[in-house]
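Listed here are the chains, written in short residue letters.
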Amino acid sequence: MAVLKVGPSAGQKTPFEFAVLFEAYSRIDPSKFDLSKVDYETDILIIGGGGAGTAAALVASENGAKVLLATKLRLGDANTMMAQGGIQAADKENDSPAMHYIDVVGGGGYHNKPELVNALVSDAPEVISWLESFGTMFDKEVDGRMVTIHGGGTARKRMHTAKDYTGGEIMKTIRDEIRNRDIEVLEFMPAVELLTDDSGRVTGAVLLNMDTEEYRVVKAKCTIIATGGSGRLHVQGFPTSNHYGATADGLILAYRAGGKLAFMDTIQYHQQVPYSQNRLLDFL
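Let us look at the structure shown here. One numbering rule holds for all chains: residues counted from 1, following each sequence as written. Reporting in this predicted model follows two pLDDT cut-offs: at least 70 for local features of residues, and 80 or more for side-chain atom pairs to be given and counted; totals over whole chains, interfaces and linings ignore these cut-offs and use all residues. To get the side-chain values, take all heavy atoms of the structure and skip hydrogens and water.

1. A few points about the nonpolar core
Note the threshold: We call a set of buried residues a nonpolar core when its members are Ala, Val, Leu, Ile, Met, Phe, Trp, Tyr or Cys and they connect through side-chain atoms within 4.5 Å of each other. Categorising residues by exposure relies on relative accessible area from a 1.4 Å probe, with only protein chains included: less than 20% of the type maximum marks a residue as buried, more than 50% marks it as exposed, and the intermediate range marks it as partly exposed. The secondary structure listing takes helices from DSSP runs of H or I that are at least 4 residues long and strands from runs of E that are at least 2 residues long, numbered from the N terminus. Two residues qualify as a contact provided that any one of their heavy atoms is within 4.5 Å of a heavy atom in the partner residue.
Core analysis: the biggest nonpolar cluster contains 23 residues, and Ile46, Ala57, Leu58, Trp130, Ile174 and Ile178 have the highest contact counts within it. Secondary structure elements with two or more residues in this core: β3 (40-47), α2 (51-62), β4 (67-70), α5 (114-133) and α6 (166-179). With five residues, the top contributor of residues to this core is α2. In this structure Ala57 touches Ile46, Val67, Leu69, Ile178 and Ile183, once residues within four positions along its chain are discounted.

Okay, here's the thing in structure tokens:
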């Protein structure tokens, strides 16, 4: 662990691999960068082209906003595409969002943010219906009812699946949907810095065109960060099955713009990975 020396969370501990990035110099020299030239102007800038970013773009567009989505890789190149297990929603007769809430809070060791858990469990049934409306093919019984199975720590069977490629099914469905709408998508153009006004409000971002190595300035009324996780930082040298794009970009962007991050001293490991390594060492 390292103690942060600068930024809104100075004095807090975080894994060394994160601290190095939080405290790194910007790729951009402000004294040499011309922010007066705006290349794109939009209502909502979405940074990230996985499940969260694509869904956000669709919802924003449905509500009349002009949307620009910028992603570091191709649209859909994300952990969402690789997720196998399923997606949980309390939409059966013997279940409820309240029961789902209890399972989530218990599974999180009571360290969860209550308002976030409430949003998750309350919105989940509607999200399943929303995904199905686009053609997501969840597993169903012969009578048309959704198949649901147990997930880790669940008191009810509420995991909706699409064989063992649930994330891939969801991602390809919403990816096709976004391509059929008037939503501009910039691929291979990661955000390298958020822009802020004198009051600290985010006003857009600077993107890097990875093909031409040129910077592009985006002016936006609202910016949504949906860049996924950080498994590919390989904290403490651990292996990961995360997508290659999961390098904590959004966390770094937010922190550099003044955002205070939650749970900076924690990182999630899948418990079977270290266990399997230890068993292998015993065997050898």
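2. Here's the deal with the side chain of His100
Position of His100 relative to the elements: it lies in helix α4 (residues 97-107). Excluding its chain neighbours within four sequence positions, the residues that come into contact with His100 are Gln88, Ala89, Ala90, Asp95, Val121 and Arg158.

3. Description of the packing of aromatic side chains
We apply this condition: Each pair of aromatic rings taken from Phe, Tyr and Trp, with Trp reduced to its six-membered ring, is defined by centres within 6.5 Å and is described as stacked if the planes are under 30 degrees apart, edge-to-face if over 60, and tilted in the remaining cases. Our definition puts a charge over a ring when NZ of Lys or CZ of Arg is within 6 Å of the ring centre and also within 35 degrees of the ring normal.
Applying the stated rule across the entire model yields four aromatic pairs. Note on Phe33 and Tyr215: the rings are 5.7 Å apart at their centroids and 75° apart in plane angle, and the pair reads as edge-to-face. One end of the pair, Phe33, is in the loop between α1 (16-22) and β3; the other, Tyr215, is in strand β11 (residues 214-225), and 182 residues separate them in sequence. A relative accessible area of 27% means that Tyr215 is categorised as partly exposed. Here the aromatic cluster, defined as three or more aromatic residues joined through ring pairs, consists of Phe18, Phe22 and Tyr255. Sitting over the ring of Phe263, Lys113 keeps its end group 5.8 Å from the ring centre. One residue, Arg232, lies across the ring of Tyr244, its end atom 4.0 Å from the ring centre.

4. Concerning the pairing of β3
Rules: A strand pair is defined by DSSP finding two or more bridges across the two strands. With strands facing away from the observer, any crossover in which the path from the first strand over the helix to the second runs clockwise is taken as right-handed.
Summarising the sheet, β3 and β11 pair through seven bridges and their orientation is parallel. What sits directly across from Ile46, in β11, is Ile224. Bridge count for β3 against β4 is four bridges, and the pairing is parallel. Note on β4: the bridge partner recorded for Ile47 is Ala70. Each parallel crossover has a hand, and the one from β3 via α2 to β4 is right-handed.

5. Side note on the layout of surface pockets
How we decide: Of the two site types, the cavity is a set of points on a 1 Å grid over the protein atoms alone where a 1.4 Å probe fits but cannot get out, and the pocket is an open set with protein on both sides within 12 Å along at least five of seven lines, each lined by residues with an atom within 4 Å of a point. Grid points are joined across faces, edges and corners, and a volume is the space filled by probe spheres set on the points.
Roughly 460 Å³ of volume is contained in the second largest pocket. Lining the second largest pocket we find 18 residues, and of these Arg27, Ala191, Val192, Asp249 and Ile252 sit closest to its centre. Only β9 (191-196) and α7 (249-256) provide two or more residues apiece to the lining of the second largest pocket. With four residues, the top contributor of residues to the lining of the second largest pocket is α7.

6. Structural notes on the pattern of salt bridges
Quick note on the threshold: Basic side-chain nitrogens of Lys or Arg form a salt bridge, by our definition, when they fall within 4 Å of a carboxyl oxygen of Asp or Glu.
Overall, the coordinates contain 14 salt bridges when judged by the stated rule. In this structure, Glu193 and Arg256 form a salt bridge, with 2.9 Å as the shortest nitrogen-oxygen distance. Of the two residues, Glu193 is situated in strand β9 and Arg256 in helix α7; the sequence distance between them amounts to 63 residues. Taking the relative accessible area as the measure of exposure, Glu193 reaches 13% and is therefore buried. Here Arg256 falls in the partly exposed class, since its relative accessible area comes to 32%. A single network of salt bridges, built from pairs that share partners, joins Glu62, Glu177 and Arg181.

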